Amino acid sequence: MDAGVPAMSARKLRPRVPMPMQPPLVRRGNFTEVALGYSLEQAVAEARRCLQCKKPTCQGGCPVEVDCKGFIAHLVHRDVEGAFAVIKRTNSLPAVCGRVCPQEKQCERACKLAPTGEPVAIGRLERFVADTYYASDACASAIAAAKQCRLPREDVRVACVGSGPSSLTAAGFLAALGAQVTVFEGLHEVGGVLVYGIPEFRLPKSIVATEVEHLRRLGVEFRTNWVVGQTVGLTELFHQGYRAVFVGTGAGLPQFLGIPGESLLGVYSANEYLTRVNLMRAYAFPRYDTPLPQGRYVTVIGGGNVAMDAARTALRLGAQEVTVVYRRTQAEMPCRAEELEHALEEGIRVRELLAPVAFEGQDGWLSGLRVERMALGEPDESGRRRPVPTGETEVLATDLCIIGIGTGPNPVLLRATPGLRLNARGYIDVDPTTGETSIPMVFAGGDIVTGAATVVLAMGAGRRAAREIAQRLGLI
Amino acid sequence: MTLILRRREIIAGQTIELVLHAPAIAAKARPGHFVILRVHPEGERIPLTIADADAQAGTITLVFLVVGTTTALLARLQEQEAILDVCGPLGQPTPIRPVGEVVCVGGGTGIAAMHHIAKGHAQVGNRVTAIIGARTASLLLFEEELSRFCEKVIVATDDGSRGVRGLVTDALRGHLAAHPGVAEVIAVGPVPMMRAVAELTRPLGISTVASLNAIMVDGMGMCGACRVRVGGVIRFACVDGPDFDAHAVDFDELAARLRAFVSQERQSYGCRCACHERA
Ligand SMILES: Cc1cc2nc3c(=O)[nH]c(=O)nc-3n(C[C@H](O)[C@H](O)[C@H](O)COP(=O)(O)OP(=O)(O)OC[C@H]3O[C@@H](n4cnc5c(N)ncnc54)[C@H](O)[C@@H]3O)c2cc1C
Ligand code: SF4
Ligand code: FES
C-alpha cells in the first residue's frame, strides 16, 4: 500500500457525515435549495475523516488543483478563514463549485478513500468554507482591503465577453492585478449558465450575486444588454482602448432532434424551459410577466445535468408525472451522480434505452412521444456501450416535452468575426497553453472552446487565459 | 436604462412610436434589425423591430401595437422616462442590394418595420413602391414618412376609407401586372398577409422576403423558441433571420407556433385582442 495512507486499516473509517437535506416530498414542491449545508460541527467531523496523506492525490483530481488536503487541515482546526484562503488561491468561485462540480469524477474520485466508497466529502466541505466565509466579517474587511491595496492600472483595459464562469474568473484574476476590466453580457443578468440554466434549488441566485458583487467591488464593470458581434464588434473593442479580449460566450445554442413533430406546441428546448423559469422567473407567473409552458405529463429527453434540471423543475412547477427518457442506461448518464439520485428520490421516473422517433400531436399541440426501444451493443469511442435500435416502438402520452440532448456553440459572435478560426466542430480554436485565438490578443475559454463541459473547466480556462493576458500586459 | 426622448401616439391608445436615446444601437442598426426589451424587473423580454435609426443623433425609433402585458406597460412610459433593458441591434440585417425596382408591402404595425427596409432600399438607389394596408384609414401608419423616399405609396383599406378598397395583395397583384420589372418584394405584417404575398409572387418567380414575427425569449440563439421551418430545415428567427425567403417559409407552422401562449397572455394581461402581432 502507498506510504501516503498511514495506518488506514488501523484507524476505523467512519462513514461520511450525511448532508442535511430537505426531504424529497417537501422539496419537490419548492424552489429552495435541496442540500442545506453542513454546520461547523458537521464540517469539522467530516474534515477529520481526511487522512492528511503525505502524497495526496485529491488535488490532482481537481481541474483547478484546489489544495484539498491543505484547506481541510485548516478546517480541522476550525480555521475557516485559513481554509478559504487556500481554496481561493486556485478557485475563484468556491461556493459555486462546492455545489455543482461532479466531485465523484474529480477530487473525490482521486481521494485515497475513494476505493472504500466513502471518499472525503470534499465538495461539501468546499461549500461550507465558502458559505461560512462569505457570511463572516472577515470577508467584508478583506474586500475593503483588496480595494485599497490593489494598484489600479488605468492604462490596462481588458474586455471579457459573456459573463459565465470562464469570464467571471478571468475578470476577477485580472482585476485583482489592477487591470480595468469590463464584462460585456448580452442578457440582462450576469452569470451565464449559472443564472439562466442551473436552477435555484441547486444553485441559489444569491450565491452568484455575491460572487458578482465581489468582482464589482474589485472594480470590474459589467455592461449587460451588450451583444458583442452585434452591439459592438470584437475587434472594435481594441479601437475603444481594450488591450486584450477574453471570449467566454458558452455553448448556448440548443440542439433539436430533427424528428417529425418537433415544432408542435408543447415541445421545448431545455434552454428555453430553464431560461423562462430561471432567468425570467416564470415560476412566479403572473407576478412575473413571462409565461410558462404548462404540462401535466412531462417527458424530458436526455441524461445530462440539463435534462435532470429540467425534469426537477417541471416537477416543482406542478407536473403530475415527470419521465426522463434516455437512450442508454442510468449507468451511462453523464449527469452528476447526486442529481440523478435526487431526481429519483423526488419521484421522477427514468425510462432507459428509449430513443425518440417522433412527436405526435393534435391541433398543433403535443400529445405523445413515440420512442423506439434500444438494446446495448458494442462499446463506442467513449467506451460506453452503444445503443442499437430494436425496431420496437411505443408511444408515451405527454403534453410537455423538454429536449435536453446537448448544445452547440453560440453563433452570434462567431458569425460576426470572420477572422476567428474555428475547429471542425465549430468551436473556437485556441492555443492550448495560452488560450489565444487566431486573432492576436483575443483569448477564449470555457464551453465556446470545449463544447458543453463543466463550470470548473470553464473557470480553469478563464484563469489560464487571464494569466497569459496579465503576463503580456506586464501585470505580473 | 434607455431614455425615451420622444413619444407619439400614432393611433390613440393603440399604436405608439418611441424615439429612444441609444447611441450604441443606433450606430449599428440596419434595416431588418430588432431589439429585445424589458420594461421592469419582473418583466418579460419582447422583440420589437427597429422602425428607424439615426446614427448621428444616436436614436432609434420603435413602433408597437398595444397587444399584451409588456406593450401595455411600455405604452404607459412617458418622455424622459427610461426603459429598463434595451438590447440590440439583433438579427441579421435585411439583404439590400441595388436591384432596380422593389415593392415593400406592410400590413398593420408591420408597416413601421417595413419602413426601415424600404428606406434602406431607397438609399442604395432602388426604386421603391410601398404598399400599405389596414382595416380602415385611421389605422394606417407611416404613409407620409414613406412618401418621402418611395416613388409611390399605394394604400389599401378593407373598408375603402382610404386608397383602394381591398387587401394589400390585391394592390400588389395590380402593381406587378403593370410593372413586370419588379425585382424583389418584401413583406412585413401579419402571417396571413405574408403568406398571401408569397403565394402571389411565387408563380411570377419574383424573389420575396418575409420578416418573421416569431416568439422570442433571449433573441441571441439560446432558446429555440423562435424556430421556424424554412426550406424544410429549422432556422432560428433571431439569429438566422428575422428575414427569410418567403417562398421557403412554412407559414402554417409559424401561425401555429404563435398561438403558444395566447391563453397565458390573456391571464397576464386580460387580453383585449386575440391577434399576436409584433410591431
Ligand atoms: C442546465 C445546465 C446545468 C448544468 N449543470 C452543471 C453542473 O451541475 N456542474 C457543472 O460543472 N456544469 C454544469 N453545467 C455546465 C456549465 O454550466 C457550463 O459548462 C459553464 O457555465 C460554461 O461556462 P462559460 O463561461 O463557458 O459560459 P456560459 O456559462 O455558457 O456563459 C456564456 C455567457 O455568454 C453570453 N454571451 C453569448 N454570446 C455573447 C455575445 N456575443 N456577447 C455578449 N455575451 C454573450 C451568454 O448570454 C452567457 O451569459 C450545466 C449547464 C446547464 C445548461
Ligand atoms: S473545485 Fe470541484 S473538483 Fe476541485 S476540489 Fe472543489 S469540488 Fe473538487
Ligand atoms: S429567441 Fe431564443 S433562440 Fe431565438
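Residues numbered from 1 in each chain as written. Chains lettered and ligands numbered in written order. Predicted model: local features only at pLDDT ≥ 70, side-chain atom pairs only at ≥ 80, totals over all residues. Heavy atoms only, no water.

Novice: Report on the pairing of strand β3 (residues 34-38) of chain B, specifying residues and quantitative values.
Specialist: Residue and element names in this part refer to chain B. The buried count for β3 comes to five of five residues, which makes it a mostly enclosed element. Of the two faces of β3, both are covered, the one formed by Phe34, Ile36 and Arg38 as well as the one formed by Val35 and Leu37. When β3 meets strand β4 (residues 46-54), the two strands line up antiparallel, connected through four bridges. By the bridge assignment for β4, Phe34 is matched with Thr49. Sheet analysis places β3 next to strand β7 (residues 85-90), joined by four bridges and oriented antiparallel. Pairing of Leu37 across the sheet is with Val86, part of β7. (Buried < 20%, exposed > 50% of the residue type's maximum accessible area, 1.4 Å probe, protein only. Helix = DSSP H or I, 4+ residues; strand = E, 2+ residues; numbered from the N terminus. Pairing = 2+ DSSP bridges.)

Novice: How would you sum up the sheet that holds strand β9 (residues 349-351) of chain A? Please name residues and give values.
Specialist: All names here are of chain A. Spatially, five strands are ordered β6-β13-β7-β8-β9 in an open sheet, and the strand pairing comes out parallel. Taken across any chain shown, the strands that pair with only one partner, and hence form the sheet edges, are β6 (267-269) and β9. Put simply, the sheet's adjacent strands are angled 25 degrees from each other on average, direction ignored. With four bridges connecting them, strand β7 (residues 297-301) and strand β13 (residues 400-403) associate as parallel partners. (Axes fitted to C-alpha atoms, helices over the stretch in contact; angles between N-to-C directions.)

Novice: Mind laying out the packing of aromatic side chains, listing which residues take part and the relevant values?
Specialist: How two aromatic rings sit relative to each other is set out by the distance from centre to centre and by the angle between their planes. Taken as a whole, this structure holds seven aromatic pairs over all chains when the rule is applied. Between the aromatic rings of Phe184 of chain A and Tyr242 of chain A, the centroid separation amounts to 5.9 Å while the plane-to-plane angle is 80 degrees, which identifies the pairing as edge-to-face. Of this pair, Phe184 of chain A sits in strand β2 (residues 179-184) while Tyr242 of chain A sits in the loop between α13 (236-239) and β4 (244-247), placing them 58 residues apart in sequence. The residues Phe184 of chain A and Tyr242 of chain A share a single accessibility class, namely buried. When the centroid spacing of 6.1 Å and the interplanar angle of 90 degrees are considered together, the rings of Phe256 of chain A and Phe236 of chain B count as edge-to-face. One end of the pair, Phe256 of chain A, is in the loop between β5 (253-254) and β6; the other, Phe236 of chain B, is in strand β15 (residues 233-236), on a second chain. Per residue, the accessibility class of Phe256 of chain A equals that of Phe236 of chain B, and both read buried. Cluster of aromatic residues (ring-pair linked, three or more members): Phe84, Tyr133 and Tyr134 of chain A. Across from the ring centre of Trp226 of chain A, 5.1 Å away, lies the NZ or CZ of Arg223 of chain A, which sits over that ring. Above the plane of the ring of Phe201 of chain A lies Arg316 of chain A, whose end atom (NZ or CZ) is 3.9 Å from the centre. (Phe/Tyr/Trp six-rings, centres within 6.5 Å; stacked < 30°, edge-to-face > 60°. Lys NZ or Arg CZ within 6 Å of the ring centre and 35° of its normal.)

Novice: A description of the site of ligand 1 should follow, citing residues and the corresponding values.
Specialist: In the neighbourhood of ligand 1, 37 residues make up the surrounding shell, with Val100, Ser166, Glu185, Arg202 and Asp447 of chain A lying closest. The residues that come close to ligand 1 belong to more than one chain, namely chains A and B. A distance of 3.1 Å separates a nitrogen atom of ligand 1 from a polar atom in the backbone of Gly186 of chain A. When ligand 1 sits alone it has 1000 Å² of accessible area, and the protein chains cover 97% of it. At the level of secondary structure, the elements contributing two or more residues to the shell around ligand 1 comprise α10 (165-176), α15 (305-316) and α19 (455-472) of chain A. A total of three residues in the shell around ligand 1 trace back to one element, the largest contributor, which is α15 of chain A. Its residues assigned to classes, the shell around ligand 1 shows 18 nonpolar, 14 polar and five charged. (Near = heavy atom within 4 Å. Polar contact = N/O pair within 3.5 Å; in protein donor to acceptor, adjacent residues only side chain to side chain. Areas by Shrake-Rupley, 256 points an atom, 1.4 Å probe, with all protein chains shown as cover. Nonpolar A, V, L, I, M, F, W, Y, C, P; charged D, E, K, R; others polar.)

Novice: Which residues make up the interface of chain B and chain A, and what values do they have?
Specialist: At the interface, 44 residues of chain B touch 45 residues of chain A. Between chain B and chain A the total buried area reaches about 3600 Å² when both faces are included, carbon and sulfur atoms providing 55% of it. The largest share of the area that chain B buries against chain A comes from Met222, Arg227 and Phe261 of chain B, three residues that together contribute 18% of it. Counting the contacts that link chain B with chain A gives two salt bridges. (Contact = heavy atoms within 4.5 Å. Buried area = accessible area lost by both parts, 1.4 Å probe. Salt bridge = Lys/Arg side-chain N within 4 Å of Asp/Glu carboxyl O.)

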